Amino acid sequence: MDVRERLLGIDRSFEFDPETVTIADEDVFDRFEPVVKEWWLDEFGAYVDQNEGLFTPPQREAIPLIDEGENALVCAPTGSGKTLSSFAAIINDLFRRERDDPDGLENSVYCLYVSPLKSLANDIHRNLTVPLEGITDRLASRGIDTEIRHAIRHGDTESADRQRMLKETPHILNTTPETLAILLNSPKFKEKLRTVEYVIVDEIHSLAENKRGTHLAVSLERLETLTEHSPTRIGCSATVEPLSTMAQFLVGRTEPAGESRPCEIVDTRFVRDFDIKLECPTDDLIDTPREIVQGRFYDRLHELIDAHTNTLVFTNTRSGAERVLHSLRDRFPDAYDEDNSGCHHGSLSKERRRTIETGLKAGDLDVVTTSTSLELGIDMPHIDLVVQVGSPKSVAALLQRIGRAGHRLGQTVEGRVIALDRDELIECAVMLKKAESGFVDRVFVPENAADVAAQHVYGMGINGVKREADLRATLERAYPFRNYTDAEWESLMRYLTASYPGMEDKNVYAKIWRDTNDRPDGEHHYPDFDVGEPLIGKRGRLARVIYMTNIGTIPDSFTCEVFVRGSDEWVGSLDENYLDTLEPGDVFVLGGRNFEFRYRRGSKVYVDPTSARPTVPSWFSERLPLSYDLGREIAAFQGEAVDRHETGGIAGLRSWLREFPIDENSVRAIARTIEEQRAYLGPEGMSTPDRLVVETVLDRTAYRRRFYVRSTYGRRFNDGLSRLVAYHCAQRATANVQVAVADNGFSIEMPLNRKVDIAEILRSIGPDEVATELRAAIDGTDLLQRYFRINATRSLMILKRYKGYEKSAAQQQVSSEMLLSFAQELDSFAVIEETYREILEDKLHVSAIEDAIERIARGDLAVVSHEVDSPSPRSFGLATLAASDVVLAEDESAVLQAFHARVREAIDETTESAATD
């Protein structure tokens, strides 16, 4: 019976006309062993229109590649069979070899599956059980005994289970990046990795953008030197760009200065049908009373949930997820209770999260609210709608979240985005339009991270004396270190060998020795190496224990206790991430009261009570930042929107906006914002790809001068640019400068009697000075102190665990503060240089700032100033930034309405004047 006949026999509800439908499956199907074919047909024999046969698009392309040992990056939406496309050829190969070899498979690992999440590893483990047991049972029914073992190994694995894996080693091992690094240094288990022939890296985009991915990339090169043959590498992602960069990140290089290993790209990211739309509860988000907006929002959310089987609701903060669920239960007590609704986020207990996950998998929950914790991970086959409240800040995040709905190919992915803010309306409209066109934000890979390099060089040295050239070559074959320089290597060596004077006095000891091989009659001769060969080895009897108990890249964090200066009155606690945003003089809300930040000592923060308005909202550190690429698209949208209004008026603008996947309320609200902005500030009042707008407001009542710099390029960019501008302002005006940062710009505030020209500052900064001045701007800040602690701990300069004693993150912070000034005085000290690099490159997007400043210097990016009595409509969000705390919601609404009234009054006066003239 051929494939077509088998299909027709499996499920008559999926009949089709074989004369008009092409099934391109025979070549893929024939690669399988007979028993694997049987299992596959029984599981996937039904014809699905989008599949055109037995295999989904990623399976059809990836299975032959993996079967032939080709490296492959598989990009496909959630629910399109991406995971099985990676495992199918591997499972088939293992059953074939188990059958052909009289002794069966060796007692060692053949396939490594690496995921960023333990829950994802657990889910894949369960999913692997289905094909492995199904195929094994079929063989057993014919009297053929086979055993393909699989297991999970991560930080929570019990010691007994670890020991059991040495005796009965899994052929497929599911693990995390951190555990893989530990296994590579395990004297016994690393021998079990010599047989690895396949490595699957799941959700590669979420790893590549941070140091976990950097760490993994080097681990894969270390695995390469360990294995008998170069393993086939398979990367999986639903949403990632650029694909060529991710492919290079996955496979590394054959030689440090050589070409990337070959890698085939399976790009089936857009094989699913999307039904996505932006909605808004009203066409007027300023003058419509807040309770009406909220009421309409919850009525619509309830309507959507009621019309679907299972709904997943994403919010931008954990508190938002809690609040939405609470409000649903409060407003609709007969519809939602503990049995059919729930909340899932990282602050909940592991047991509570597991209960919610179980309910989602079973389809028992009508609605679950979450922040980011369910973007990746478990399969949720019953979810048929995803609602995103507010902007997810990137197209990639939007597609990842919306893709949780309709978790099978052939089902339409249905998602609704609901915006409750005018700035987010524009942001989301652009995001959905770009998502429809196939746009995905780029992933930026951290490069030359010295702390990661320190861990791996130390680890390789612990495994035995090595040629220095071999260690460096292993490091540089990894994509993030492809441009590693001699100077960076020497700086790393000086740190690891403790060659700086005074290091041991600070309890920072050498981790490796570095020397040339002695002659045979010398004290330190290693016969495996040539005389005079530069070698590296470990230092210290506890080196292996220190390494195994301290490696990893995920930083510990802690909460800081907040006290009033002088009285030592305790007023609450703050997450340390929030302190990254605070400078002395900044005002924030805690417990319903306003406090001015003064300074921090270790884990204690000291403040002064104040009546001044807040400058940094409490949610600042929790929300994801807008992606730089999407920010550029928003600037382009604003430029075109102004042109559309110029040529076609409000009617032409609305007509154009109706081409976007947005409802009529959104069309009218966005059009009104553009029209009011144009009427208030004129044709040069909107920031575009070729123009930055600076507004100056003189508040004589509060005796403050406020600047609103509108750049749409995201919070990271604006955080960096605002620090640079504030640094110049402080130098010129010798004043206490307050900064507030958002995704669409930043504000700078100072006393009224201090006068600076922000536009002139932006024009005067030299592109070559940006990095140096930004580095100077962060000196002495809590941001620098925190990142130095994180990098000092990652570099094993500060040990989290030593001789049974564990240092908390707060204790690590105290230790780092004592080391910081010492480290800053050393010449090219690797740990401090990495701290500056990470802040400037990874956190503040210095390269994009340099590009913008260079464009300003060339005249390609104009800086336009406006002095106004009230912020313009596109600056309302900046002007009320801190008032967006929940406790100040009514204040924010009142301020927005006051701003809007002033803008309308100014527009009316201009219109009347023009009519009179």
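Residues numbered from 1 in each chain as written. Predicted model: local features only at pLDDT ≥ 70, side-chain atom pairs only at ≥ 80, totals over all residues. Heavy atoms only, no water.

A. Seen up close, the overall build of the chain. A tally of helices and strands in the chain yields 33 helices and 28 strands. Taken along its principal axes, the extent of the C-alpha atoms in the chain is 100 × 80 × 55 Å. Across the 917 residues that make up the chain, the buried fraction comes to 58%. Residue pairs in contact within the chain that sit at least 24 positions apart in sequence constitute 73% of those at least 6 positions apart. Split by element, the accessible area of the chain, about 36,600 Å² in all, is 45% carbon and sulfur. (Helix = DSSP H or I, 4+ residues; strand = E, 2+ residues; numbered from the N terminus. Buried < 20%, exposed > 50% of the residue type's maximum accessible area, 1.4 Å probe, protein only. Contact = heavy atoms within 4.5 Å. Areas by Shrake-Rupley, 256 points an atom, 1.4 Å probe, with all protein chains shown as cover.)

B. Layout of the state of the cysteines. As enumerated under the stated definition, the model contains zero disulfides in all. Here Cys 280 stays unpaired: no disulfide links it, and the sulfur of Cys 428, its closest cysteine neighbor, is 9.9 Å away. (Disulfide = S-S within 2.5 Å.)

C. Molecular detail of a nonpolar patch on the surface. The grouping of Leu 542, Val 545 and Tyr 802 at the surface amounts to a nonpolar patch, some 260 Å² of accessible area in total. Its place among the elements puts Tyr 802 in strand β26 (residues 801-802). Exposure remark for Tyr 802: the relative accessible area of 36% places this residue in the partly exposed category. (Patch = residues over 30% accessible without salt bridge, like charges linked within 9 Å, V, L, I, M, F, W, Y side chains within 5 Å. Salt bridge = Lys/Arg side-chain N within 4 Å of Asp/Glu carboxyl O.)

D. Fine view of the environment of Ala 335. On the secondary structure map, Ala 335 appears in the loop between α14 (318-331) and β10 (341-344). Along the chain, Ala 335 and His 308 lie 27 residues apart, while their C-alpha atoms are 13 Å from each other. If we skip the residues at most four places from it in the chain, Ala 335 touches His 302 and Asn 340.

E. Local environment of the side chain of Asn 718. Relative to the elements of secondary structure, Asn 718 occurs in helix α25 (residues 715-733). A distance of 3.2 Å separates the side chain of Asn 718 from the backbone oxygen of Asp 743, its partner in a polar contact. The residues touching Asn 718, leaving out its near neighbours within four places in the chain, are Ser 711, Tyr 713, Val 741, Ala 742, Asp 743, Asn 744, Gly 745 and Phe 746. (Polar contact = N/O pair within 3.5 Å; in protein donor to acceptor, adjacent residues only side chain to side chain.)

F. Structural context of the pattern of salt bridges. In the structure shown here, the tally under the stated rule is 74 salt bridges. Residue Glu 33 pairs with Arg 99 through a salt bridge whose shortest N-O separation is 2.2 Å. With Glu 33 in the loop between α2 (26-29) and α3 (34-44) and Arg 99 in helix α5 (residues 82-100), the pair connects residues that are 66 residues apart, well separated along the chain. Given the relative accessible area of 11%, Glu 33 is considered buried.

G. A look at unusual backbone geometry. The omega torsion of the bond from Glu 241 to Pro 242 falls at 0°, within 30 degrees of zero and hence cis. In this structure, Pro 242 sits in the loop between β6 (232-237) and α12 (243-251). Phi angles above zero are rare outside glycine, and Ser 828 is one such case at about 50°. Looking at the element boundaries, Ser 828 is found in the loop between α29 (809-825) and α30 (830-843).

H. Representation of the pairing of β10 within the structure. Side chains Ser 341 and Cys 343 of β10 all project onto a buried face; the interleaved residues Gly 342 and His 344 project onto the opposite face, where all are buried too. In this structure, β10 lies alongside strand β11 (residues 367-370), joined through four bridges in parallel fashion. Paired with Cys 343 across the strands is Thr 369, a residue of β11. You can see the chain leave β10, run along helix α15 (residues 350-362) and come back into β11, and the turn it takes is right-handed. (Pairing = 2+ DSSP bridges. Right-handed = clockwise from strand over helix to strand, strands pointing away.)

I. Focus on the sheet that holds strand β14 (residues 466-467). Strand order in the open sheet formed by three strands is β14-β16-β15, and the pairing between neighbours is antiparallel. Each edge of the sheet is formed by a strand with only one pairing partner; in this case those strands are β14 and β15 (512-516). Where β14 and strand β16 (residues 534-538) come together, two bridges link them in antiparallel fashion. When the sheet's bridge partners are listed, Arg 467 is paired in β16 with Leu 535. Along the sheet face, helix α20 (residues 486-496) touches β15 and β16 and points at about 120° away from the line of β15. (Axes fitted to C-alpha atoms, helices over the stretch in contact; angles between N-to-C directions.)

J. How the structure looks around the sheet that holds strand β20 (residues 593-601). Taken in spatial order, the five strands of this open sheet run β18-β17-β21-β20-β19, and their pairing is mixed. Looking at strand neighbours, the two that pair on one side only are β18 (570-575) and β19 (587-590), the edges of this open sheet. The mean angle between the axes of side-by-side strands here comes to 45°, regardless of whether they run parallel or antiparallel. With five bridges joining them, strand β17 (residues 559-564) and β18 adopt antiparallel strand pairing. The residue bridging Val 562 from the neighbouring strand is Gly 572, located in β18.

K. Examining a negative patch on the surface more closely. Together, Asp 101, Asp 103, Glu 106 and Glu 228 give the surface a local cluster of negative charge. The residue Asp 103 is located in the loop between α5 and β2 (111-114) in this model. (Lys, Arg positive; Asp, Glu negative; His and termini not counted. Charge placed at Lys NZ, Arg CZ, Asp CG, Glu CD.)

L. Representation of the pairing of strand β21 (residues 604-609). When β17 meets β21, the two strands line up parallel, connected through four bridges. Directly across from Val 562, in β21, lies its bridge partner Val 605. Pairing analysis gives six bridges linking β20 to β21, with the strands arranged antiparallel. By the bridge assignment for β21, Phe 597 is matched with Val 607. Connecting the antiparallel pair β20 and β21 is a turn made up of two residues, with Gly 602 showing a positive phi of about 60°.

M. The confidence of the model for the chain, seen in detail. When pLDDT is averaged across the chain, the result is 88; 92% of the residues are at 70 or more. Scored below 50 in pLDDT, residues 1-22 makes 29 contacts in the model with residues more than four places away or belonging to other chains. Contacts from residues 883-889, a stretch scored under 50 in pLDDT, to residues over four places away or in other chains number 16 contacts. (pLDDT = per-residue confidence, 0-100.)

N. Quick peek at the packing of helix α27 (residues 770-778) against helix α31 (residues 846-858). α31 packs onto α27 with a crossing angle of 125° between their chain directions and a minimal axis gap of 10 Å. With respect to their mutual orientation, α27 and α31 come out oblique. Relative to α31, the crossing made by α27 is right-handed. Mapping the contact onto sequence places Val 770, Ala 771 and Leu 774 in α27 and Val 846, Ile 849, Glu 850 and Ile 853 in α31. Taken together, the residues that form the contact of α27 with α31 break down as six nonpolar, no polar and one charged. (Parallel < 35°, antiparallel > 145°, perpendicular 65-115°, else oblique. Left-handed = near helix turned anticlockwise from the far one by under 90°. Nonpolar A, V, L, I, M, F, W, Y, C, P; charged D, E, K, R; others polar.)

O. Representation of the packing of aromatic side chains within the structure. Following the criterion strictly, the structure yields 24 aromatic pairs and no others. Ring geometry for Phe 32 against Phe 55: centres 6.0 Å apart, planes inclined by 65°, an arrangement best described as edge-to-face. With a gap of 23 residues between them, Phe 32 in the loop between α2 and α3 and Phe 55 in the loop between α3 and α4 (57-67) connect regions that are remote in the sequence. You can call Phe 32 buried: its relative accessible area is 4%. Residue Phe 55 is classed as buried on the basis of its relative accessible area, which comes to 0%. For the pair Phe 876 and Phe 899, a centre-to-centre distance of 5.8 Å together with 25° between the ring planes defines the contact as stacked. Of this pair, Phe 876 sits in helix α32 (residues 876-879) while Phe 899 is found in helix α33 (residues 889-916), placing the two residues 23 residues apart along the sequence. (Phe/Tyr/Trp six-rings, centres within 6.5 Å; stacked < 30°, edge-to-face > 60°.)

P. Just the nonpolar core, in detail. In this structure, Leu 193, Tyr 495, Ile 748, Ile 758 and Phe 829 are the most contacted members of the largest nonpolar core, which totals 125 residues. Here this core gets eight residues from one element, more than from any other, and that element is helix α18 (residues 450-462). In contact with Ile 748, not counting residues within four places along its chain, are Arg 705, Arg 706, Phe 707, Ser 722, Val 725, Ala 726, Cys 729, Val 737, Gln 738, Val 739 and Ile 758. Counting 51 residues, the second largest nonpolar core, distinct from the first, contains Leu 365, Met 380, Ile 402 and Phe 660. (Core = buried A, V, L, I, M, F, W, Y, C linked by side-chain atoms within 4.5 Å.)

Q. Fine view of the packing of helix α16 (residues 395-402) against helix α17 (residues 422-436). The contact between α16 and α17 brings their axes to 10 Å, and the two run at 75°. Relative to α17, the element α16 lies roughly perpendicular. Residues Val 395, Leu 398 and Leu 399 of α16 pack against Met 431, Leu 432, Lys 434 and Ala 435 of α17. Across the contact of α16 with α17, the residue classes break down as six nonpolar, no polar and one charged.

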